[in-house]
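Architecture at a glance
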Amino acid sequence: MRILQLYDKPEPTISFEFFPPKSAEAEATLFTETVPSLQELGPSFISVTYGAGGGTRATTLRVVDRIRKQFGIEAMAHLTCVGSTRDMLAAVLDEAHSLGIENILALRGDPPKGATTFHMTEGGFGHANELVAFVKSQGRFGVGAACYPEGHVECSDKKLDWDRAAAKVDAGAEFLISQLFYDHRDFLEMEDYLRNNRKVTVPIVPGVLPFLTAEQIKRFTALCGAKLADGLKKKLEALAHDDEAVRRLGVEVCSDICRKLLDHGVPGIHFYCLNRVPSCREIVNNLGLAST
Ligand SMILES: Cc1cc2nc3c(=O)[nH]c(=O)nc-3n(C[C@H](O)[C@H](O)[C@H](O)COP(=O)(O)OP(=O)(O)OC[C@H]3O[C@@H](n4cnc5c(N)ncnc54)[C@H](O)[C@@H]3O)c2cc1C
């Protein structure tokens, strides 16, 4: 089923994002523990990231395929421009299509490990809007793209970056999923700009990352340029020695953000679950969204 149809439903569309497991053991855990636990929460779909440089291509497609066929949960493959020519990207899309995969999240991608800046591959694409148009032109997939409530880290003007999110919609993106953020007003400001200044009508979905540890959340927010309010930073510092307390704080903070945004009318929540279930389960339960 196309993801766009899932966002058409009246109830909030809850989705979870995985990264491809890095070992056979991790893959076994994903399918024997993680996916079955998340299945109890009644996800609308699961998405699987695509590693920098395309190194996870086979795993990404295999995991998406298994989630769809073994668990009957819709799943979407991420795809990036990093290190790929058009022909290489076309081959990934052919493989995805042959497996019956129907949805692609089209991204430029982060620079591969060791590199600090993105370089366009000769014969490939320099920006996500080009990949969106390429995937869309095939007519075989539902296509989504990324957006950034605080602006993308490489772009000094957040409104210019939001214009570029609108360009991805113009190129064919049927929905936008946001980068993580910890002040719901940043999401609302971006959404208002896209809706009112750029007349974007597609679903715009908040991406939410529960906390694992204080160090992890500081690193992730620094990497993607998301801010942590001073009060939240202080709380994290005070609890830094206690991972479980940090995790619980994340459940509280993320439940509050999700509640405010669902009350506002967002079509769903996309959880960056990092292949872990407990915090997502608690947030979904706090919001009264679990299907069982
Ligand atoms: C929901 C979500 C899922 C993600 N999944 C993955 C994943 O699976 N694998 C992975 O490697 N990364 C992933 N990322 C990270 C993403 O690849 C990075 O944030 C990357 O740096 C930008 O990708 P993009 O698709 O937003 O690129 P773009 O939209 O191309 O934007 C990149 C930069 O270029 C600028 N820009 C955009 N279009 C133009 C244009 N036409 N002309 C000039 N400048 C332009 C933007 O303002 C921005 O600064 C994900 C991000 C999100 C939010």
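Residues numbered from 1 in each chain as written. Predicted model: local features only at pLDDT ≥ 70, side-chain atom pairs only at ≥ 80, totals over all residues.

**Here's the deal with unusual backbone geometry**
If you check the backbone angles, Lys199 has positive phi at about 55° while not being a glycine. Exposure remark for Lys199: the 9 C-beta atoms within 10 Å place this residue in the exposed category. Phi angles above zero are rare outside glycine, and Asn275 is one such case at about 60°. Relative to the assigned elements, Asn275 resides in the loop between β9 (268-272) and α11 (278-286). Residue class for Asn275 comes out partly exposed when judged on the 17 C-beta atoms lying within 10 Å of it. (Buried ≥ 20, exposed ≤ 12 C-beta atoms within 10 Å, placed from the backbone. Helix = DSSP H or I, 4+ residues; strand = E, 2+ residues; numbered from the N terminus.)

**Topic: the site of the ligand**
What surrounds the ligand is a group of 23 residues, the closest being Thr49, His78, Arg108, Ala128 and Ala146. For the shell around the ligand, the elements supplying multiple residues, two or more each, are β3 (74-80), β4 (103-107), α5 (128-138) and α6 (158-170). No other element matches the 3 residues that α6 contributes to the shell around the ligand. In terms of residue class, the shell around the ligand is built from 9 nonpolar, 9 polar and 5 charged. (Near = placed C-beta within 6 Å. Nonpolar A, V, L, I, M, F, W, Y, C, P; charged D, E, K, R; others polar.)

**Observations concerning the nonpolar core**
Residues Ala77, Ile104, Ala106, Leu131 and Leu176 are the most contacted members of the largest nonpolar core, which totals 81 residues. No other element matches helix α10 (residues 243-264), which puts 6 residues into this core. Look past the residues within four positions of Leu131 in its chain and what remains in contact with it is Leu79, Cys81, Leu89, Ala106 and Phe125. (Core = buried A, V, L, I, M, F, W, Y, C linked by C-beta atoms within 7 Å. Contact = placed C-beta atoms within 7 Å.)

**Some details on the sheet that holds β9**
The strand order across the open sheet formed by 9 strands is β7-β6-β5-β4-β3-β2-β1-β9-β8, and the pairing between neighbours is parallel. Bordering the open sheet on either side are β7 (204-205) and β8 (207-208), each of which pairs with just one other strand. Here 4 bridges tie strand β2 (residues 45-48) to β3, and the two strands are oriented parallel to one another. Bridge assignment links Phe45 to a residue of β3, and that residue is Glu74. (Pairing = 2+ DSSP bridges.)

**Thoughts on α6**
With 13 residues, α6 extends 18 Å from end C-alpha to end C-alpha; this agrees with the ideal 18 Å at 1.5 Å per step. Residues of α6 that are buried: Trp162, Ala165, Ala166, Lys168 and Val169. Relative to the axis of α6, the buried residues are bounded by an arc of 150° and lie together on one face. Counted as exposed and oriented over 90 degrees from the buried face of α6: Leu160 and Asp170. Of the surrounding secondary structure, the elements contacted by the buried residues of α6 are α5, β5 (142-147), β6 (175-178) and α7 (184-197). The first or second residue beyond α6 is Gly172, which carries a positive phi of 130°. (Expected span 1.5 Å × (residues − 1). Arc of directions from axis to C-beta.)

**Quick word on helix α4 (residues 86-98)**
Over its 13 residues, α4 extends 18 Å from the first C-alpha to the last, a length consistent with the 18 Å expected when each residue adds 1.5 Å. Every buried residue of α4 is listed here: Leu89, Val92 and Ala96. Down the axis of α4, the buried side of the element spans an arc of 55°, and every buried residue falls inside it. Turned more than 90 degrees away from the buried face of α4 sit Asp87, Asp94 and Ser98, all of them exposed.

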